[in-house]
Protein chains: 2
Amino acid sequence: MSHLAISELLEGKVAVDSQVTVKGWIRTRRDSKAGISFLAVHDGSCFDPIQAVVPNSLNNYDEVTRLTAGCSVSVTGVLVPSAGQGQSYEIQANSVEVLGWVENPDTYPMAAKRHSIEYLREHAHLRPRTNIMGAVTRVRNCLAQAIHRFYHEQGFYWISTPIITASDCEGAGEMFRVSTLDMENLPRTDKGDIDYSEDFFGKEAFLTVSGQLNGETYASAMSKIYTFGPTFRAENSNTSRHLAEFWMVEPEVAFADLEDIAKLAENMLKYVFNAVLTERRDDMEFFAQRVEKTAISRLEEFVTKDFAQVDYTDAIEILKACGKKFEFPVEWGVDLQSEHERYLAEEHFNAPVVIKNYPRDIKAFYMRQNEDGKTVAAMDVVAPGIGEIIGGSQREERLDVLDKRLEEMGLNKEDYSWYRDLRKYGTVPHSGFGLGFERLVAYVTGMGNVRDVIAFPRTKGSATY
Amino acid sequence: MSHLAISELLEGKVAVDSQVTVKGWIRTRRDSKAGISFLAVHDGSCFDPIQAVVPNSLNNYDEVTRLTAGCSVSVTGVLVPSAGQGQSYEIQANSVEVLGWVENPDTYPMAAKRHSIEYLREHAHLRPRTNIMGAVTRVRNCLAQAIHRFYHEQGFYWISTPIITASDCEGAGEMFRVSTLDMENLPRTDKGDIDYSEDFFGKEAFLTVSGQLNGETYASAMSKIYTFGPTFRAENSNTSRHLAEFWMVEPEVAFADLEDIAKLAENMLKYVFNAVLTERRDDMEFFAQRVEKTAISRLEEFVTKDFAQVDYTDAIEILKACGKKFEFPVEWGVDLQSEHERYLAEEHFNAPVVIKNYPRDIKAFYMRQNEDGKTVAAMDVVAPGIGEIIGGSQREERLDVLDKRLEEMGLNKEDYSWYRDLRKYGTVPHSGFGLGFERLVAYVTGMGNVRDVIAFPRTKGSATY
């Protein structure tokens, strides 16, 4: 390909007075009375379009004056410093080739005007052409790349834990069934039940809700692993924070306790925020101007502050004593609500805070029991402006304690045989956490709804494209 | 965490005579008559274990002599150069803490002996503890990291295309249904059909077979994108090359023709192979010794050779003229079989070869039609020792030609409305390809079966863990 990315030109990587070609889409066109047209051409490589200055001496100048938003072009010309405000370089075009017209510009769904975010969502196949979704796409990519880089540099291995699972030990949340049975003609057992032995996997199968338990098997051999893959919830949660299909990052670390992974969470978040601040300054400035005023400043603050740490038990005392009226009353034993978490992070500590050692009765079976017999070594990371962003725990590595807990919770030991094997054979202390990737992207960009930070969101009633 | 990765010690990153702690699992133990025990301790950070030399002066030496394969330990001692063959450094232990015993060593499934690859597959939760699966895990990770790095450096954005799709335009291959309907109590329409409007997404939904069509929407805005995510086939293919759930890499590039993406495929493969040769020499030496003699040499050859290029039509002539007897007869119009591809790559060209411009009747609707009216701009990359590893095409960007093709193939234009929109609004030439990630890992490691290069393989009848 003989053309250059617009980012290369705008970043000054190409010598002035070079002959260059860019290929992209028209954002706007402006014609001067002097017989010159100004085209703003974008190609997704950076936030800004490049301006092509087109003289009416071109053979097809007539075509140029018919260009509208969304048309695709190849522009060749001389790269020159720009006199215009807010742009470093522009192209003095000596050729504009139209690659693709917009059929009926008046009804082009992405015509150059303000569209509501809901309207864009309904045109998910075209919305990456807008400023806002282009910026989201670049920031999302920057965060994903930084996550892989962070773990790789730290000696973690990326593991792809299974998406389809027939394991009986997931259990958390409502799951999607995966099947190839003929729904109109379901096979039946002698007893009249549906015969899942006839299904593709020979038994009932579902979409995973977490890679954690599988991840623990690999941490129990490779020491440091992480997953980064899609997970699923068949929940009818019509909120700005829930998707039926979302991406999770789940590190799992052998020989690590709760302190270790609280530190890992802090280091990871600061690493990826620094990456965005450094690499996607252009997009972040847009978000700060148009979406969330503090988009940049809150990240800058985040990366310089030490995380606060507080025990759940102490957090309850703080909340009780603060004199604030909460919708959900606070007492030891209740799960913290968003309003409580935000008070702690935003008002009391004014910093990201790690809340540790929750009552065991509100937490999952696999979390490690503390000496007090009442709490488990669980932690949540709660940040100003977002609330809970990470949840994790030290895992119960003692077989006898785990078995007792399974029993208490009425779970069947047989269903957990492979998980229990990890405790039978060379068990080690280990810990991990989960990070919802879309919530991270929503926080960084200031986008109010996770549906707008993933290309094609899946929610109750919606799986188009 | 105060301990060090074994790789850091063996690579000489720590000063000799330092006091160090490692944590890991026993691979072997050997006791000398002189009252010294030699422990080989691995932690997954590299292929080799580190040797800990334990004198009988330790308080718990008695425990040490009961250590068996799989026990977890924390070893502290002085790092010294090793006199032993094949190891650079060892630890003169002054403390060995046993973290986890192996319950009944005689029946430990991963006891230190040769296990068949099928046996390991049946113990997928413990197999990463073996030399071979540890090596696979590190090489798989190395390849995945290199893929992300390659595309990131080239200005591509990683897009997560949807896993669950209700789109009517996938079609390729058999799909898994995703549903939350109560199978024992299926809702029915007035006509007696199953009422999928009651299902979670309001209509029938399936697991994706490819992110390509979705990827095209983002390439038509961001120019260069790639996907790297799980895809699914509900096929009853009990072969060493098929999984029901596998990971695919699918770049899609605007303003790129077939030549451009053939070159992209070549550059990508060479980049990731170089990464493995540089970063995972230890594991690759193991594969060359134990699994596939040419594991290293064939990669070295691959990265230095230019890819050959041949038109499908010329390839047919070569195959017809070569005098070799093929199981599947060759004539213009047939799809190439593995035996044909391997003859071309291994015998005729003795190099990776890009086969281009296949008959349109054996290819998908979205491939760009060539001037000859008979072929489409499709390509496969075929390599010695593996056969087809990449398949791609230039996409049909001309709306009228695409529509005609949809019609010819009896496909419903309405079902493709969003895909057609990309051609209505600023269409651009664009191209992409797909790479099956497990096949890549299987090729690099020499592992004969894709089930052994993914942590928990999903195949017909099997979705345990």
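On a predicted model such as this, the values are computed, not experimentally measured, just so you know. (Residues numbered from 1 in each chain as written. Chains lettered and ligands numbered in written order. Predicted model: local features only at pLDDT ≥ 70, side-chain atom pairs only at ≥ 80, totals over all residues. Heavy atoms only, no water.)

### Re the overall build of chain A
Item 1. For chain A, the helix and strand inventory stands at 13 helices and 16 strands.
Item 2. Burial status across chain A gives 60% buried among its 465 residues.
Item 3. Residue pairs at least 24 apart in sequence account for 67% of intrachain contacts in chain A once pairs closer than 6 positions are excluded.
Item 4. Counting 51 positive and 69 negative side-chain charges, chain A places the averaged centre of each group 4 Å from the other. (Helix = DSSP H or I, 4+ residues; strand = E, 2+ residues; numbered from the N terminus. Buried < 20%, exposed > 50% of the residue type's maximum accessible area, 1.4 Å probe, protein only. Contact = heavy atoms within 4.5 Å. Lys, Arg positive; Asp, Glu negative; His and termini not counted. Charge placed at Lys NZ, Arg CZ, Asp CG, Glu CD.)

### Comments concerning the relation of the copies chain A and chain B
Item 1. Note on the identical chains: chain A maps onto chain B by a rotation of 180 degrees and an axial translation of 0.0 Å, with an RMSD of 0.0 Å. Taken together, these values place the two copies in the relation of a two-fold axis. Rotation axis and chain A: the residue whose C-alpha lies nearest the axis is Val178 of chain A, separated from it by 2.5 Å. (Least-squares fit on C-alpha atoms with pLDDT ≥ 70 in both.)

### Quick notes on the confidence of the model for chain A
Item 1. Across chain A, pLDDT averages 95, with 98% of residues at or above 70.
Item 2. On the interface metric, ipTM, the complex scores 0.97, and its pTM is 0.97. (pLDDT = per-residue confidence, 0-100.)

### Focus on the packing of helix α9 (residues 312-321) of chain A against helix α10 (residues 338-348) of chain A
Residue and element names in this part refer to chain A.
Item 1. Running from amino to carboxyl end, α9 crosses α10 at an angle of 80 degrees, the nearest separation of the two axes being 11 Å. Here α9 is positioned roughly perpendicular relative to α10, judged by the angle of their axes. Between α9 and α10, the contacting residues are Ala315, Ile318 and Leu319 on the first element and His340, Tyr343, Leu344 and His348 on the second.
Item 2. Grouping the amino acids of the contact of α9 with α10 by side-chain chemistry returns five nonpolar, two polar and no charged. (Axes fitted to C-alpha atoms, helices over the stretch in contact; angles between N-to-C directions. Parallel < 35°, antiparallel > 145°, perpendicular 65-115°, else oblique. Nonpolar A, V, L, I, M, F, W, Y, C, P; charged D, E, K, R; others polar.)

### What about the interface of chain A and chain B?
Item 1. On the side of chain B, 116 residues touch chain A, which itself brings 116 residues to the contact.
Item 2. For the pair chain A and chain B, the two sides together bury roughly 9300 Å², of which 63% comes from carbon and sulfur.
Item 3. Among the residues of chain A in contact with chain B, Met183, Phe200 and Tyr425 of chain A are the three that bury the most area, contributing 9% of the side total.
Item 4. The interface formed by chain A and chain B contains two salt bridges.
Item 5. Residue Glu184 of chain B is joined to Arg188 of chain A by a salt bridge in which the shortest nitrogen-to-oxygen separation is 2.9 Å. (Buried area = accessible area lost by both parts, 1.4 Å probe. Salt bridge = Lys/Arg side-chain N within 4 Å of Asp/Glu carboxyl O.)

### So, the pattern of salt bridges
Item 1. Enumeration according to the criterion identifies 62 salt bridges over all chains in this entry.
Item 2. Residues Arg420 of chain A and Asp403 of chain A are paired through a salt bridge, measuring 2.6 Å at the closest nitrogen-oxygen approach. Here Asp403 of chain A lies in helix α11 (residues 399-408) and Arg420 of chain A lies in helix α12 (residues 417-424), a separation of 17 residues in the sequence.
Item 3. With a relative accessible area of 11%, Arg420 of chain A lands in the buried category.
Item 4. Residue class for Asp403 of chain A comes out buried when judged on its relative accessible area of 11%.
Item 5. Two residues, Arg423 of chain B and Glu216 of chain B, come together in a salt bridge whose shortest N-O distance is 2.8 Å. Taken together, the residues Arg423 of chain B in helix α12 (residues 417-424) and Glu216 of chain B in helix α5 (residues 212-222) connect sequence positions 207 residues apart. We note that Arg423 of chain B, like Glu216 of chain B, is buried.
Item 6. Each member of the salt-bridge network shares a partner with another, and the members are Arg360, Asp361, Lys404, Arg405 and Glu408 of chain A.

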